[in-house]
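# Overview (structure and organization)
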Amino acid sequence: MLIDTARLRLRRFQPADIPAFAAYRSDPEVARYQEWDFPLSLESAGRLLRRYARSDPAGPGWFQYAVELKADGCLLGDVAVHRQPGGGEAEIGFSLARDRQGHGYASEAVRAVLRDLVGAGLRTVSAECDVRNQRSARLLKRIGFEFESQRAVFIRGKREWTDLQMFTLSAEKWEVLDKG
Ligand SMILES: CC(C)(COP(=O)(O)OP(=O)(O)OC[C@H]1O[C@@H](n2cnc3c(N)ncnc32)[C@H](O)[C@@H]1OP(=O)(O)O)[C@@H](O)C(=O)NCCC(=O)NCCS
């Protein structure tokens, strides 16, 4: 296990996660504001998880934490972190299965990852979110992220224009909030 919280285990993905992972990634509501292709077949899910298994949580590039609920041992979703070389900056993303939203699990997982990243020297973390994705924006603001900028983008997979909002959080602000 990589990170432990009151209700959750954040760990590497494992082969047994394939069905649950494919199911929430294939849910149109979960995928609505994400750039991935869906539905995701079990075969493609397996390929993705094998790729995730090769990545390093402490190194540069993307790492995906599998988020498991301790109470029932089920996979709830994931938190993705993209570290820049040097480890001072990172981007974060998150997804939960639809029936696991609304319990504070995503906030609990993201806070735990932030604590870990800041402990390892991270100075700034950013997150991008579609302007229509209110649940995601609510989560970011709840944690302490601040709105930074907005830009229009064309999402090729969905063949639509939208605005993406960029949010950021500094390590200094996070440390004050985390103590408080
Ligand atoms: C974005 C996403 C992860 C947010 O999930 P979430 O469950 O709403 O987020 P949180 O963990 O912060 O939970 C907060 C909600 O749980 C409720 N809650 C219930 N019990 C709680 C508890 N014990 N502790 C904290 N919150 C609790 C809160 O009141 C809040 O509800 P509200 O937003 O209706 O006010 C989720 O909507 C998702 O996976 N969306 C699809 C993927 C996606 O778009 N990802 C973001 C891309 S930028």
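This report concerns the structure included in the present document. (Residues numbered from 1 in each chain as written. Predicted model: local features only at pLDDT ≥ 70, side-chain atom pairs only at ≥ 80, totals over all residues. Heavy atoms only, no water.)

## Things to note about the site of the ligand
Around the ligand, the structure places 21 residues, and the nearest of them are Phe 94, Leu 96, Gly 102, Ser 107 and Arg 142. Interatomic distance of 3.2 Å between a backbone N/O atom of Tyr 105 and an oxygen atom of the ligand. Arg 142 has a polar side-chain atom sitting 2.5 Å from an oxygen atom of the ligand. Protein contacts shield 72% of the accessible area of the ligand, which totals 960 Å² for the unbound molecule. Those elements giving two or more residues to the shell around the ligand turn out to be β5 (89–96), α4 (105–119), β6 (124–130) and α5 (134–143). Per-element tally for the shell around the ligand: the top contributor is α5, with five residues. (Near = heavy atom within 4 Å. Polar contact = N/O pair within 3.5 Å; in protein donor to acceptor, adjacent residues only side chain to side chain. Areas by Shrake-Rupley, 256 points an atom, 1.4 Å probe, with all protein chains shown as cover. Helix = DSSP H or I, 4+ residues; strand = E, 2+ residues; numbered from the N terminus.)

## A look at the nonpolar core
With 36 residues, the main nonpolar core has Val 79, Ile 92, Val 113, Leu 114 and Phe 145 as its most contacted residues. The dominant element in this core, judged by the number of residues it contributes, is α4, at nine residues. Here Ile 92 is in contact with Val 79, Ala 80, Val 81, Val 110, Val 113, Leu 114, Val 125, Ser 126, Ala 127 and Phe 145, once residues within four sequence places are set aside. In this structure, Phe 13, Ala 22, Trp 36 and Ala 97 belong to the second largest nonpolar core, which totals 16 residues. (Core = buried A, V, L, I, M, F, W, Y, C linked by side-chain atoms within 4.5 Å. Buried < 20%, exposed > 50% of the residue type's maximum accessible area, 1.4 Å probe, protein only. Contact = heavy atoms within 4.5 Å.)

## Let's talk about the packing of helix α1 (residues 18–25) against helix α3 (residues 42–53)
Packing of α1 against α3 brings their axes to within 9 Å, and their N-to-C directions diverge by 110°. For the element pair α1 / α3, the angle class is roughly perpendicular. Touching Ile 18, Pro 19, Phe 21, Ala 22 and Arg 25 of α1 are Leu 42, Ala 45, Gly 46, Leu 48, Leu 49 and Tyr 52, all from α3. Broken down by class, the residue content of the contact of α1 with α3 amounts to nine nonpolar, one polar and one charged. (Axes fitted to C-alpha atoms, helices over the stretch in contact; angles between N-to-C directions. Parallel < 35°, antiparallel > 145°, perpendicular 65-115°, else oblique. Nonpolar A, V, L, I, M, F, W, Y, C, P; charged D, E, K, R; others polar.)

## Some details on the pattern of salt bridges
On inspection of all chains with the given rule, the structure shows 17 salt bridges. A salt bridge links Arg 32 to Glu 160; the nearest nitrogen and oxygen atoms lie 3.3 Å apart. Of this pair, Arg 32 sits in the loop between α2 (28–31) and α3 while Glu 160 sits in strand β8 (residues 160–170), and the two are 128 residues apart along the sequence. Under the relative-accessibility criterion, Glu 160 is labelled buried at 19%. Across the pair Glu 160 and Arg 132 runs a salt bridge, and its minimum N-O distance is 3.0 Å. Highlighted residues: Glu 160 in strand β8 and Arg 132 in the loop between β6 and α5, separated in sequence by 28 residues. One network of salt bridges, in which partners are shared, links Arg 9, Arg 11, Asp 17 and Glu 68. (Salt bridge = Lys/Arg side-chain N within 4 Å of Asp/Glu carboxyl O.)

## Comments concerning the packing of aromatic side chains
Describing an aromatic ring pair means giving the distance of the ring centres and the angle of the ring planes. A full pass over the atoms with the stated rule returns seven aromatic pairs. With a centroid separation of 5.7 Å and 85° between ring planes, the pair formed by Phe 21 and Tyr 24 is classed as edge-to-face. Of this pair, Phe 21 and Tyr 24 both sit in helix α1, three residues apart, roughly one helical turn. Here Phe 21 matches Tyr 24 in class, with each residue buried. When the ring of Phe 63 is compared with that of Tyr 65, the centres are 4.9 Å apart and the planes differ by 80°; the resulting orientation is edge-to-face. Given the relative accessible area of 2%, Phe 63 is considered buried. Accessibility expressed as a relative area gives 3% for Tyr 65, which makes it buried. An aromatic cluster is present here, built from Phe 13, Phe 21, Tyr 24 and Tyr 52 joined pairwise through their rings. (Phe/Tyr/Trp six-rings, centres within 6.5 Å; stacked < 30°, edge-to-face > 60°.)

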